[in-house]
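Each chain is listed here by its residues.
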Amino acid sequence: MLLDVQDLHIAYRDIEAVHGASFSVEEGELVSIIGANGAGKSSILNSLMGLVPPRSGIIRFRGEDISRIPSHVRARMGIRIVPERARVFPRLTVRENLRIGLYGIHEPAKEKERLAWLYELFPILEERGSQDAVTLSGGEQQQLAIARALVSDPKLLLVDEVSMGLMPKLVDQVFEVLQHLNRERGLTILLVEQNALASLEISSRCYVLETGRIQFEGASGVMRDDPRIREAYLGL
Amino acid sequence: MSDYTITIGTFIAIQAIVACGLNVIVGYAGQISLGHAAFFGIGAYSSALLTTAGGLSFWSALPLVLFITGFIGLVLGLPSLRLKEDFLAITTIGINFIVVSVFLYVPFFGGALGIGGIPRVILFGERLRGTPFLFLCLAFLAAVQLASWLFTRSWSGLACFALREDESAASSMGVSPVRFKLAAFILGTAMAGLGGALYAHFMRFISATDFGFPMSVMILSMVVLGGMGTLWGPVLGALVLGMLPEVFRPLTEYRMFLYAALLLLMIRFQPGGLLGESSFARQIFSRLKGGNQE
């Protein structure tokens, strides 16, 4: 088990956003968590990354409880996040943004190889290498955020609402890249999405989160055909 | 050069060193500090005490001075780990007032009388004064600029920039906020300590009021005017703000008015500072560069 979360509670002062979520991700899986706005999806991802402290619960990464470990240490352990709205470093160049992703990893040969691979995946990033990240379009920033997370060769990639604010064509493209990374590269991905249909299509398993509780879980293919899910979350 | 020019030049060089230190903290690491004069003062007082009561030479005291200021900078930088923006600004103002009060009310630091009889810097058997001392200050300024440049090129510099831009995104990339904020405080305050040491041996008499809150505002204005986070901004800022009072000597009565007008014009037309992004200087420079390539 790569990631195992037990009874996770997350609260902002007095208001509890996540009421005891339990879920897990196996090595090589692409798992999605879907749910409406405000269901607590981003809170869960941020607490996995260590950006939001959980009120209680256990987060096990490769068997080790990481729930009290600071985020920069989790990053070194191989957890990386593609944050909501990309959050690239605006006044740093595209290349510098990618270099930050490599922070703490000193293997020049491997770095070059990773960068070459990423430039192949996202050619625009090579083209815009010396431009400040703030000058990129929303879609390009999202690509940069993905590349910045991937450049370190993570063991677990957390993806937070990657479809938000992107035009439909780009959403498809980004989802295709994620699927490719998972299938061809064996990258373990935990995806959090409002775009339920698209994430059910690429993921193997899915959790449905509703007001801080996991309501359903199962294989994505089965979920897609479940009339309750179709009606409530897919609007079909 | 006349004595007058040399004196003004020395002041400007010293203040540029201190402003470069603040630039590391504010410009590179993005931590606001309105109490930088405290570290300027700590550097001046420690060098003064070590060379008078301590009996050391300027040169053997200097490493200790840098260590002391850097260490106190580390301790007083701790609030930056918990506080942000306005709260950090207010806390750093508080630190400035506390440090000045300690100098003023603890007899060890000479109280209101300050410390006098600080020896001159001796280099190759010469007591440095006038032009040679100005050159010494310029040499230290060059060293500080070199250190700043190396810092911006290093992993630590890049990590600080990332923290300045987005702290939580940086920490989820493996950058430790604690480590790099404190690294910036240590480097920035040690530079202020160096400026303080030079100031003490230039003035040869120091008192607590030299290092008060108005001085902090002055140093911050230099950094903002020149361009926060740029390499040469603080030096240019120190040059402009150091020369203005001299140029406008006939208008002494209106000096504060001119400062205010200058700052407002800056905010309106050059919010990034004289050398900041999208500033006139940068635009002209990039146009010249573009023209050469064609």
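Everything numeric here is computed off the predicted structure, so don't read it as measured data. (Residues numbered from 1 in each chain as written. Chains lettered and ligands numbered in written order. Predicted model: local features only at pLDDT ≥ 70, side-chain atom pairs only at ≥ 80, totals over all residues. Heavy atoms only, no water.)

S.K.: Outline the overall build of chain A, supporting the account with residue identities and numerical values.
M.R.: Of regular secondary structure, chain A possesses 10 helices and 10 strands. In terms of C-alpha radius of gyration, chain A reaches 17 Å, essentially the compact-globule figure of 18 Å for 236 residues. Projecting the C-alpha coordinates of chain A onto the three principal axes gives extents of approximately 50 × 40 × 35 Å. Buried residues in chain A amount to 54% of all 236 residues. Pairs at least 24 apart in sequence give 66% of the contacts found in chain A among residues at least 6 apart. Here chain A carries 28 positive and 32 negative side-chain charges, and the mean point of each set is 5 Å from the other. (Helix = DSSP H or I, 4+ residues; strand = E, 2+ residues; numbered from the N terminus. Rg over C-alpha atoms; globule rule 2.2 N^0.38 Å. Buried < 20%, exposed > 50% of the residue type's maximum accessible area, 1.4 Å probe, protein only. Contact = heavy atoms within 4.5 Å. Lys, Arg positive; Asp, Glu negative; His and termini not counted. Charge placed at Lys NZ, Arg CZ, Asp CG, Glu CD.)

S.K.: Describe the overall build of chain B, naming the residues involved and giving the relevant values.
M.R.: Counting its secondary structure elements, chain B contains 12 helices and 2 strands. Its C-alpha radius of gyration of 19 Å places chain B within 12% of the 19 Å reference for a compact globule of 294 residues. Dimensions of chain B, computed from the C-alpha atoms along their principal axes, are close to 60 × 45 × 40 Å. Counting the 294 residues in chain B, one finds 49% classified as buried. Carbon and sulfur atoms make up 71% of the accessible area of chain B, which totals about 13700 Å². Distance between charge centres in chain B, computed from 16 positive and 12 negative side chains, equals 5 Å. (Areas by Shrake-Rupley, 256 points an atom, 1.4 Å probe, with all protein chains shown as cover.)

S.K.: Which residues make up the interface of chain B and chain A, and what values do they have?
M.R.: Contacts between the two partners involve 22 residues from chain B and, on the opposite side, 22 residues from chain A. Summing both partners gives a buried area of about 2100 Å² for chain B against chain A, and 62% of it is carried by carbon and sulfur. When residues of chain B are sorted by the area they lose upon contact with chain A, B:W155, B:E165 and B:M173 head the list and together hold 35% of the total. Across the chain B-chain A interface, the total number found is 2 salt bridges. Note that A:R91 is salt-bridged to B:E165, the shortest N-O span being 3.2 Å. Take the side of chain B that touches chain A: its biggest share by element is 7 residues, from helix α6 (residues 155-165) of chain B. By residue class, the composition of the side of chain B that touches chain A is 11 nonpolar, 5 polar and 6 charged. (Buried area = accessible area lost by both parts, 1.4 Å probe. Salt bridge = Lys/Arg side-chain N within 4 Å of Asp/Glu carboxyl O. Nonpolar A, V, L, I, M, F, W, Y, C, P; charged D, E, K, R; others polar.)

S.K.: Pulling in residues and values, what's your account of the sheet that holds strand β1 (residues 3-12) of chain A?
M.R.: Residue and element names in this part refer to chain A. Spatially, 4 strands are ordered β2-β1-β4-β5 in an open sheet, and the strand pairing comes out antiparallel. Each end of this open sheet is capped by a strand with a single partner; those strands are β2 (15-25) and β5 (64-65). One ladder, built from 5 bridges, connects β1 with strand β4 (residues 56-61); its direction is antiparallel. When the bridges of β4 are listed, Q6 appears paired with I58. Strands in contact with helix α1 (residues 41-49) are β1, β2 and β4; relative to β1, the strand with the most contacts, it is inclined by about 115°. (Pairing = 2+ DSSP bridges. Axes fitted to C-alpha atoms, helices over the stretch in contact; angles between N-to-C directions.)

S.K.: Let's hear about the side chain of A:S220: which residues, and what values?
M.R.: Residue and element names in this part refer to chain A. Residue placement: S220 occurs in helix α9 (residues 220-225). Separated by 3.4 Å, the side chain of S220 and the backbone nitrogen of R205 make a polar contact. Ignoring any residue separated from it by four or fewer positions in sequence, one finds S220 in contact with L200, S203, S204, R205 and C206. (Polar contact = N/O pair within 3.5 Å; in protein donor to acceptor, adjacent residues only side chain to side chain.)

S.K.: Residue-level account of the side chain of A:Q143, with values.
M.R.: Along the chain, A:Q143 falls in helix α6 (residues 138-150). Leave out the neighbours within four places in its chain, and A:Q143 touches A:F122, A:I124, A:L125 and A:L170.

S.K.: Kindly report on the packing of helix α3 (residues 58-77) of chain B against helix α8 (residues 177-203) of chain B, identifying the contributing residues and their values.
M.R.: Residue and element names in this part refer to chain B. In contact at an axis separation of 7 Å, α3 and α8 are set at 140° when each is read in the N-to-C sense. The angle between the axes of α3 and α8 places the two elements in the oblique class. Regarding α3 and α8, the two cross each other, and that crossing is right-handed. Along the contact surface, α3 presents F58, L62, V65, L66, T69, G70, G73, L74 and G77, while α8 presents L182, F185, I186, T189, A190, G193, L194, A197, L198 and H201. Across the contact of α3 with α8, the residue classes break down as 12 nonpolar, 7 polar and no charged. (Parallel < 35°, antiparallel > 145°, perpendicular 65-115°, else oblique. Left-handed = near helix turned anticlockwise from the far one by under 90°.)

S.K.: Can you tell me about the pattern of salt bridges, naming the residues and giving the values?
M.R.: Evaluated as defined, the whole model comprises 10 salt bridges over all chains. Among the ionic pairs, A:R228 bridges to A:D226, the shortest N-O distance being 3.2 Å. On the basis of relative accessibility, which here comes to 52%, the residue A:R228 falls in the exposed class. Residues B:R164 and B:E165 are paired through a salt bridge, measuring 3.1 Å at the closest nitrogen-oxygen approach. According to the relative accessible area criterion, B:E165 is buried, its value standing at 15%. The network of salt bridges with shared partners includes A:R91, B:R164 and B:E165.

S.K.: How would you summarise the pairing of strand β8 (residues 188-193) of chain A if you had to cite specific residues and measurements?
M.R.: Residues and elements named next belong to chain A. Taken across its 6 residues, β8 has 6 buried, putting it largely inside the fold. Of the two faces of β8, the one lined by T188, L190 and V192 and the one lined by I189, L191 and E193 are each fully buried. Direction of pairing for strand β3 (residues 30-34) relative to β8: parallel, over a ladder of 5 bridges. In the strand pairing of β8, I34 is matched with E193. Of the strand pairs in this sheet, strand β7 (residues 156-160) and β8 are connected by 5 bridges, and their pairing is parallel. Each bridged residue has a counterpart across the sheet, and for D160 the counterpart in β8 is V192. As for the winding sense of the linkage, the β-α-β connection from β7 through helix α7 (residues 168-185) to β8 is right-handed. (Right-handed = clockwise from strand over helix to strand, strands pointing away.)

Shape descriptors only; they carry no functional weight alone.
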